[in-house]
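An overview of the molecular structure
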Amino acid sequence: MTSKAVSVYFLILSYVCLNTLVIAVDENQFVYNGFNGTNILLDGGAKIHSNGLLQLTNSSIFQIGRAFYQRPVRFYTSSSMLTQDLSFSTHFVFAIVPERANLSGDGMAFAISPSLNFTQAQGGQYLGLFNSSDNGLRSNNLLAIELDTFQNHEFNDIDGNHVGIDVNSFISNVSATVTYYSNEEGINRSLDLISGSPTQVWIEYDGFENVLNVTLAPISSPKPDQSLLSTHINLSSILLDSMYVGFAAATGIASGNHYILGWSFNKSGKAQGLEISKLPSLPRQRKPSRGITGLRITVSVTIVLVVGLTITIAGTFYVLRRKKYEEIREDWEREYGPHRFSYKDLFKATRGFIDKELLGVGGFGKVYRGVLPYSKEQVAVKKVSHDSKQGMKEFVAEIASIGRLRHRNLVQLLGYSRRKGELLLVYDYMPNGSLDKFLFSNEKPILNWAQRYHIIRGVASALLYLHEEWDQVVLHRDVKASNVLLDADLNGRLGDFGLARLYDHGANLKTTNVVGTIGYLAPELSTTGKSTTSTDVFAFGVFILEVACGRRPIEPQQSPDEVVLVSWVLEKWKEGAILETSDPRLGGDYLEEEMELVLKLGLLCSKSDVATRPSMRQLIQYLDGDVLLPEMIHVSTSIGTLGLGNEASSTFVSPVLSSIVKSSSLSISSTESILNSGR
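In this text, all values refer to a predicted model and were calculated from it rather than measured experimentally.

Across its full length, the protein chain holds ten helices and 27 strands. Across the 679 residues of the protein chain, 52% fall into the buried class. A separation of at least 24 residues holds for 67% of the contacts in the protein chain among residues at least 6 apart in sequence. Per element, the accessible surface of the protein chain, about 31500 Å² overall, is 51% carbon and sulfur.

As structure tokens, this is what we get:
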């Protein structure tokens, strides 16, 4: 080979090596003072403004936005023994601008993910990163630093303004209310995530010490000497060799705008500082127009007449069209604004409430499937009639309160709309419908025992949340199979809060209006008229017997000793043959100890002595096997149902029962739930 050829060879080799080095640096270190022309992949509602501002979500409700660096970062967790390979740091500036003062969506997160496939991820509290089924799975291999603006009790959130370090789940390993350390003053100062002002975040992981630090500060402040969060965590078992870095945000009932102004990342050292002066500015906040003053315009009489005539015609057309979507709006509803949908949006979502979108019909209205026009989220819209004289203001206030409930085993009530005499209620869409269809009809496939036990455990968890874990005590007052809905993964979700009542912990509920469904009503309601957590427990006991036995609480067509489910199971237990009451469609394919446990728990919950019924917390402990079920004594008067006598004896069934059980969903309340038609 000639010297000239050798020189050319080395030039080519040098070029290839240098080019490879540039790519490696690009993949593992970058700094963006604005995002025009960057290698950022956008998903959902995310977009880049002309000035380089990255926006994850806009003012739409129920929206997801994601922005990730398009090439994976190499973390070398399995191919190298050098722990420093895991060290990384990032610095970014974000801003959350709420659509309404002090009320925003569900926050945002910096995430390190093994994949950019988020097709199964849900919005709301899951921020477009997880869903209710995979939240908590070790196989997620996902690290997130959440900037959370909503307190989700199901994730044990400390408040509605905190930072959390999350591994594979939105139940944070560690979290803290947002503050920053002022170097000048030597104290911690408060910081509001939804202030609308740009805020800096530094996230740094030391691979030698296995320490992760998170620090925040206003854009005008230097990096604080003290971090907000510092925790020991070994990421070698979490991060894979190749991971993607980026951001995700979501809005819920309340909307907000999530922005990223600049971002610096370094896989192998300290992230380069952002040049604050070069960062794009946020859009100006819109203010109501005050009109144009001092402007003098001379217009001929002819033009004025033409314009006036045009406006008149257009106005007439507008009024006629508006009547189609006319709504009732009152001043007091402003405080519940985030929960109110426009009738026009719901009309479009259900394609004009056509029969093709009809999901079900009940005594109080119809339920339609819909797709919200902006977020494209599937919802269920219940269209019911309501007498405004019954206290519409109080009713909407309860909708607003119940809409704040967040639990994986509750159907989320998203909001409402009003139009003339109609009330429209908007829920999460449950693709598998109600549980009773699986138990009592041939329309659906048979649920196996593992699925049924999982549903029972889920509903129990939801009731525990309602009774003890939320801000107020929530009495559902209508627990039954038809009010348990199944999501895409057949998880049981308790829905229909039309009869629900809320009161403060420790307070005495004053209502004496007996409501509910025959067969699920506790016997003490006939004397006190007061619903309590124990009356919900009673109904839950009947519900789990429904699930285990595959039959309704009252079936008049059965032989006299089998008409009342609770009474029949009680008698079979006395005979030592309680397993004979299990659903024959299961074909005996179940764990006998689990089946016996559920049947006995159903009887224990159905005891007429309120003091002997377990709490929902105790029921969870029994179902999880943490506590053994106590011995139960054969006492004929220990089981009771309202209207059937304390013994629930079959001798009470005829003729008294024959006239009231023609419909197993009959309610004994004159103010029966307007939500009682299921989904």
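This brings us to helix 7 (residues 533-549). Spanning 17 residues, helix 7 covers 24 Å between terminal C-alpha atoms, matching the ideal 24 Å at 1.5 Å per step. Counting buried residues along helix 7, 16 of its 17 residues qualify, which places the element largely inside the surrounding structure. Two or three places before Ser-534, at the start of helix 7, stands the capping residue Thr-532, its side-chain oxygen 3.1 Å from that residue's backbone nitrogen. Looking one or two residues past helix 7, Gly-550 carries a phi angle of roughly 70 degrees, positive in sign.

A few words now on the confidence of the model for the protein chain. Residues with a pLDDT of 70 or more make up 74% of the protein chain, whose mean pLDDT is 80. Across residues 79-84, confidence stays below pLDDT 50; counting only partners more than four residues off in sequence or on other chains, it has six contacts. When the criterion is pLDDT under 50, residues 642-679 qualifies, and its contacts beyond four places in sequence or with other chains add up to 104 contacts.

What follows is about the nonpolar core. Membership of the largest hydrophobic core comes to 77 residues, with the highest contact counts inside it found for Leu-405, Leu-435, Leu-466, Phe-540, Phe-543 and Val-569. Those residues in contact with Phe-540, other than ones at most four positions away along the chain, are Ile-456, Val-459, Ala-460, Leu-463, Val-479, Cys-605, Met-616 and Leu-619. One finds Phe-75, Ile-165, Val-201 and Ile-203 within the second-largest nonpolar core, a separate group that totals 52 residues.

This part is about the pairing of strand 14 (residues 199-206). Most of strand 14 is tucked away, with six of its eight residues classed as buried. In terms of strand pairing, strand 7 (residues 88-98) meets strand 14 through seven bridges, oriented antiparallel. Within strand 14, the residue paired with Phe-94 across the bridge is Thr-199. Joining the antiparallel neighbours strand 14 and strand 15 (residues 211-218) is a turn of four residues, in which Asn-210 adopts a positive phi near 55 degrees.

A few words now on the pattern of salt bridges. The tally for this structure, following the rule as stated, stands at 20 salt bridges. Measuring nitrogen to oxygen at the nearest pair gives 2.5 Å for the salt bridge that ties Lys-223 to Glu-204. In this pair, Lys-223 sits in the loop between strand 15 and strand 16 (229-232) while Glu-204 sits in strand 14, placing the two residues 19 residues apart along the sequence. For Arg-351, the salt bridge goes to Glu-357, with nearest N and O atoms at 2.7 Å.

Before going further, it helps to examine the pairing of strand 13 (residues 187-190). Of the pairings in the sheet, the one linking strand 12 (residues 179-182) to strand 13 comprises four bridges and is antiparallel in character. Its bridge partner lying in strand 13, Tyr-181 is registered against Asn-188. Connecting strand 12 to the antiparallel partner strand 13 that follows it, the hairpin turn spans four residues, and Gly-186 within it adopts a positive phi of roughly 70 degrees.

The description of two helices packed together rests on the angle between their axes and the distance between the axes. In contact at an axis separation of 12 Å, helix 6 (residues 449-469) and helix 9 (residues 592-605) are set at 40 degrees when each is read in the N-to-C sense. One way to sum up the angle between helix 6 and helix 9 is to call them oblique. The handedness of the crossing between helix 6 and helix 9 comes out as left-handed. Facing Trp-449, Tyr-453 and Ile-456 of helix 6, the residues of helix 9 in contact are Glu-594, Met-595, Leu-597 and Val-598. Here the contact of helix 6 with helix 9 is composed, by residue class, of six nonpolar, no polar and one charged.

Next up on the list: unusual backbone geometry. In this model, Asn-141 sits at a positive phi of 50 degrees, which is unusual for a non-glycine residue. Tracing the chain through its elements places Asn-141 in the loop between strand 8 (108-113) and strand 9 (143-148). Overall, the relative accessible area of 14% leaves Asn-141 in the buried class. We note that Asn-156 has phi near 60 degrees; this positive angle belongs to a residue other than glycine. Mapping Asn-156 onto the fold places it in the loop between strand 9 and strand 10 (162-167).

Approximately 1200 Å³ is the volume found for the largest pocket. Taken together, 43 residues make up the lining of the largest pocket; nearest its centre are Ala-121, Gln-122, Gly-123, Glu-377 and Asp-428. If you list the elements that add at least two residues to the lining of the largest pocket, you get strand 2 (40-44) and strand 5 (64-69). A per-class count over the lining of the largest pocket returns 13 nonpolar, 18 polar and twelve charged.

Of all the ten residues making up helix 8 (residues 565-574), eight are buried; the element is thus mostly covered by neighbouring parts of the structure. Within the sequence span of helix 8, burial applies to Leu-565, Val-566, Ser-567, Trp-568, Val-569, Leu-570, Lys-572 and Trp-573. The secondary structure elements touched by the buried residues of helix 8 are helix 7 and helix 9. Where helix 8 ends, the next residue or the one after it, Gly-576, has phi of about 80 degrees, a positive value.

Quick look at the packing of helix 8 against helix 9 now. Helix 9 packs onto helix 8 with a crossing angle of 120 degrees between their chain directions and a minimal axis gap of 10 Å. Compared by their axis directions, helix 8 and helix 9 come out oblique. Crossing angle aside, the handedness with which helix 8 passes helix 9 is left-handed. Along its contact with helix 8, which presents Val-566, Val-569, Leu-570 and Trp-573, the element helix 9 presents Leu-599, Lys-600 and Leu-603. Per-class residue counts for the contact of helix 8 with helix 9 are six nonpolar, no polar and one charged.

Along the chain, Val-97 falls in strand 7. Residues Val-97 and Tyr-259 lie 162 residues apart in sequence; the distance between their C-alpha atoms is 8.1 Å.

Tracing the sequence through the fold places Thr-533 in helix 7. Judged by relative accessible area, which is 29%, Thr-533 ranks as partly exposed. Separated by 83 residues in the primary sequence, Thr-533 and Met-616 have C-alpha atoms spaced 8.5 Å apart. Those residues in contact with Thr-533 that lie beyond four places of it in its chain are His-467, Val-473 and Leu-475.

A complete count under the given rule lists five cavities of 30 Å³ or more for this structure. Forming the walls of the largest cavity are 14 residues, and the residues nearest its centre are Arg-477, Val-515, Tyr-520, Leu-521 and Thr-535. Partitioned by chemical class, the residues of the lining of the largest cavity number seven nonpolar, four polar and three charged.

Moving on, we get to the environment of Leu-358. Among the secondary structure elements, Leu-358 is positioned in strand 19 (residues 358-362). Spatially, the C-alpha atom of Leu-358 lies 6.4 Å from that of Arg-369, the residues being eleven residues apart in sequence.

The rules we used
Residues numbered from 1 in each chain as written. Predicted model: local features only at pLDDT ≥ 70, side-chain atom pairs only at ≥ 80, totals over all residues. Heavy atoms only, no water. Helix = DSSP H or I, 4+ residues; strand = E, 2+ residues; numbered from the N terminus. Buried < 20%, exposed > 50% of the residue type's maximum accessible area, 1.4 Å probe, protein only. Contact = heavy atoms within 4.5 Å. Areas by Shrake-Rupley, 256 points an atom, 1.4 Å probe, with all protein chains shown as cover. Expected span 1.5 Å × (residues − 1). Polar contact = N/O pair within 3.5 Å; in protein donor to acceptor, adjacent residues only side chain to side chain. pLDDT = per-residue confidence, 0-100. Core = buried A, V, L, I, M, F, W, Y, C linked by side-chain atoms within 4.5 Å. Pairing = 2+ DSSP bridges. Salt bridge = Lys/Arg side-chain N within 4 Å of Asp/Glu carboxyl O. Axes fitted to C-alpha atoms, helices over the stretch in contact; angles between N-to-C directions. Parallel < 35°, antiparallel > 145°, perpendicular 65-115°, else oblique. Left-handed = near helix turned anticlockwise from the far one by under 90°. Nonpolar A, V, L, I, M, F, W, Y, C, P; charged D, E, K, R; others polar. 1 Å grid on protein atoms, 1.4 Å probe; cavity = no way out; pocket = protein on both sides within 12 Å on 5 of 7 lines; lining within 4 Å. Points joined across faces, edges and corners; volume = space filled by probe spheres on them.

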